[in-house]
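Structural overview for review
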Amino acid sequence: MNVVIVNRHVDDVLGGSEMQCDNIASELFERGYSVTYVAPAGDINKNYNRKYSVIPTQSNSRAISQAIIGQNPDVVYWRLNKHHFYGVAKTLNNKKIPIIFAVSHIDDTRKYNYLSSPKQSYKEALKAIKQALTSRLNYLGFKYVSAVTYLNESYLGSLPVEFESFVPNSVSEVAEEFFWHRPFILWVANIKKAKRPELFLQLAEKLRDENVDFLMVGAMMSKLYSWLEDEKEMENFKYLGPRSVAQVNGMLRSALMLVHTCEPEGFGNNFIQAWLAGKPTVSLGFDPGGYIEKYHLGGVAHDNADLFTKQVRDLIRDANLRSSIGQQARVFASSHFSIANTADGVVAVIDKVVSKNKLIDRVDS
């Protein structure tokens, strides 16, 4: 079976959905599928060095459509959020190529999404309006979608597509050894506004009397936070820049816990990485799937800064509690988030969509 996966490639952008698509493409290839990865905004001069094929293309609906159609796929697995989606979905529908839309972020389920600020300039306000209208247009593409997969069980039923399925994320457990001279708490995400990195610094300031360092890892995606690279006033805080998946895994094995300050998104791989490493997670507001509270994997503060600080402090001071939660997290993650489970879920959706599409073709002919 010929499958085309559409997303930015992890070799171009180290993000959560890109990591998932690389895992899925690799696993499908090993299972005998013909896999082509169409990578918008990819580098045509790069050697992606994968067993599956990678086709970098321009980031616009026409170029993406042409790259997909050129592969004559049986099905398309789309994980590029709603970017350029309406134009591509309409074109593929005309070619009778079925699309599986993989939700990677809560914004994928919304008709309107845009960046906003209480202090927007006139130019920024116009940009936000344009983003909202573009989002609404691309949302119309869902009428051409054969199936939707959700990485977060809480999002099921959010889109107007009849066939839907929960397919959990997965991460590699390969780890590189990491050493730090003091006990430390880890924060992992690409640095941008929605991740709220400044709240991690506020936590470090409140807990400056604890014998613990606060380490931040992630690529700098916003100039608003470039000052983090020069932050030297806080002795218990250090921004380390971007790190690979294996490096983060190694850091988590040595960390006391993972702390999360991001706004609601999809299902952060950093949660899964921490749980597989046997570490508690403390989140300021976002609890993916409600798992942290349901399975007692750390703490959720529901955007209460004082409770957030208390939850982290309690775990710093209670090694037995950290160990108990960590063991439970490891067991939970091992049974829920394997690459095999993720691929099984994708394959089940692919098989159903392709079978239905072939049946429709026979009826039409």
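Residues numbered from 1 in each chain as written. Predicted model: local features only at pLDDT ≥ 70, side-chain atom pairs only at ≥ 80, totals over all residues. Heavy atoms only, no water.

Remarks on the overall build of the protein
- A tally of helices and strands in the protein yields eleven helices and 13 strands.
- In terms of overall dimensions, the protein is globule-like: its C-alpha atoms have a radius of gyration of 21 Å, near the 21 Å expected for 365 residues.
- Based on the C-alpha atoms only, the size of the protein along its principal axes is roughly 75 × 50 × 40 Å.
- Here the protein, with 365 residues, has 52% of them falling under the buried criterion.
- Excluding contacts between residues fewer than 6 apart, the proportion of contacts in the protein whose partners are at least 24 apart in sequence is 65%. (Helix = DSSP H or I, 4+ residues; strand = E, 2+ residues; numbered from the N terminus. Rg over C-alpha atoms; globule rule 2.2 N^0.38 Å. Buried < 20%, exposed > 50% of the residue type's maximum accessible area, 1.4 Å probe, protein only. Contact = heavy atoms within 4.5 Å.)

Remarks on the sheet that holds strand β6 (residues 147-150)
- Here we have seven strands laid out as an open sheet, ordered β3-β2-β1-β4-β5-β6-β7, and parallel in their pairing. Edge positions in the sheet fall to β3 (53-57) and β7 (164-166), since each has one partner strand and no second. With direction set aside, neighbouring strand axes in the sheet form an average angle of 20 degrees.
- In terms of strand pairing, strand β2 (residues 34-40) meets β3 through five bridges, oriented parallel. Residue pairing in the sheet places alanine 39 in a bridge with proline 56 of β3.
- Against the sheet, helix α2 (residues 61-69) makes contact with β1 (2-6), β2, β3 and β4 (75-78), and its axis sits at roughly 155 degrees relative to β3, the strand it touches most. (Pairing = 2+ DSSP bridges. Axes fitted to C-alpha atoms, helices over the stretch in contact; angles between N-to-C directions.)

A closer look at the pairing of strand β8 (residues 184-188)
- For β8, the tally of buried residues reaches five of five residues, placing the bulk of the element in the interior.
- Across the two faces of β8 the burial is the same, with Phe184, Leu186 and Val188 and Ile185 and Trp187 all buried.

Quick word on the packing of helix α6 (residues 245-254) against helix α7 (residues 269-276)
- It is at 9 Å that the axes of α6 and α7 come closest, and there the two elements cross at 50 degrees. Taken together, α6 and α7 sit at an angle that is classed as oblique. Once α6 is placed against α7, the crossing between them reads as right-handed. The residues of α7 that touch α6, namely those facing Val245, Val248, Asn249 and Leu252, are Asn270, Gln273 and Ala274.
- Taken together, the residues of the contact of α6 with α7 sort by class into four nonpolar, three polar and no charged. (Parallel < 35°, antiparallel > 145°, perpendicular 65-115°, else oblique. Left-handed = near helix turned anticlockwise from the far one by under 90°. Nonpolar A, V, L, I, M, F, W, Y, C, P; charged D, E, K, R; others polar.)

Points about the environment of arginine 110
- Tracing the backbone shows arginine 110 in the loop between β5 (99-103) and α4 (122-139).
- Since its relative accessible area comes to 36%, arginine 110 is described here as partly exposed.
- Sequence-wise, arginine 110 and lysine 82 are 28 residues apart; in three dimensions their C-alpha atoms are separated by 9.8 Å.
- For arginine 110, the contacting residues outside a window of four places in its chain are Lys82, Ser135 and Tyr139.
- At 2.7 Å, the side chain of arginine 110 and the side chain of aspartate 107 are in polar contact. (Polar contact = N/O pair within 3.5 Å; in protein donor to acceptor, adjacent residues only side chain to side chain.)

Here's the deal with α4
- Taking 1.5 Å per residue, 18 residues should reach 26 Å; α4 reaches 26 Å between its end C-alpha atoms and fits that length.
- Buried residues of α4: Ala128, Ala132, Ser135, Asn138 and Tyr139, and no others. When α4 is viewed along its axis, its buried side chains cluster within an angular range of 130 degrees and face the same direction. Seen from the open side of α4, the exposed residues pointing more than 90 degrees away from its buried face are Tyr122, Lys123, Lys127, Ile129, Lys130 and Leu133.
- Packed against the buried residues of α4 are α3 (85-94). (Expected span 1.5 Å × (residues − 1). Arc of directions from axis to C-beta.)

A look at the nonpolar core
- The biggest cluster of nonpolar side chains holds 47 residues, and the ones touching the most others in it are Val6, Ile68, Trp78 and Trp275.
- Among the elements that line this core, the one with the most residues is α3, at five residues.
- The contacts of tryptophan 275, once residues within four sequence positions are left out, are Phe267, Thr281, Tyr291, Ile292, Leu297, Ala329, Arg330, Phe332, Ala333 and Phe337.
- Formed by 30 residues, the second largest nonpolar core is a distinct cluster that contains Ile191, Leu199, Phe237 and Cys262. (Core = buried A, V, L, I, M, F, W, Y, C linked by side-chain atoms within 4.5 Å.)

Quick notes on empty space enclosed by the protein
- All chains considered together, the criterion is met by one cavity of 30 Å³ or more.
- Taken together, Ser172, Glu173, Asn249, Arg253, Gln273, Leu276, Ala277 and Arg330 make up the lining of the largest cavity.
- Secondary structure elements with two or more residues in the lining of the largest cavity: α6 and α7.
- Residues that form the lining of the largest cavity fall into these classes: two nonpolar, three polar and three charged. (1 Å grid on protein atoms, 1.4 Å probe; cavity = no way out; pocket = protein on both sides within 12 Å on 5 of 7 lines; lining within 4 Å. Points joined across faces, edges and corners; volume = space filled by probe spheres on them.)

Structural notes on unusual backbone geometry
- Even without being a glycine, lysine 96 presents a positive backbone phi close to 60 degrees.
- Topologically, lysine 96 is positioned in the loop between α3 and β5.
- The phi torsion at histidine 302 lies on the positive side, around 55 degrees, for a residue other than glycine.
- With respect to the helices and strands, the residue histidine 302 is situated in the loop between β13 (298-300) and α9 (305-317).
- Assessed through its relative accessible area of 52%, histidine 302 is described here as exposed.

A look at the packing of aromatic side chains
- A full pass over the atoms with the stated rule returns 24 aromatic pairs.
- Ring geometry for phenylalanine 267 and tyrosine 291: centres 5.7 Å apart, planes at 50 degrees, overall tilted. Remark: tyrosine 291 occurs in helix α8 (residues 291-294) and phenylalanine 267 occurs in the loop between β11 (258-260) and α7; sequence separation between them is 24 residues. Here phenylalanine 267 matches tyrosine 291 in class, with each residue buried.
- Three or more aromatic residues link up through ring pairs in this structure, and these residues are Phe267, Phe271, Trp275, Phe286, Tyr291, Tyr295, Phe332 and Phe337.
- If you follow lysine 352 out to its NZ or CZ, it ends over the ring of phenylalanine 163, 4.1 Å from the centre. (Phe/Tyr/Trp six-rings, centres within 6.5 Å; stacked < 30°, edge-to-face > 60°. Lys NZ or Arg CZ within 6 Å of the ring centre and 35° of its normal.)

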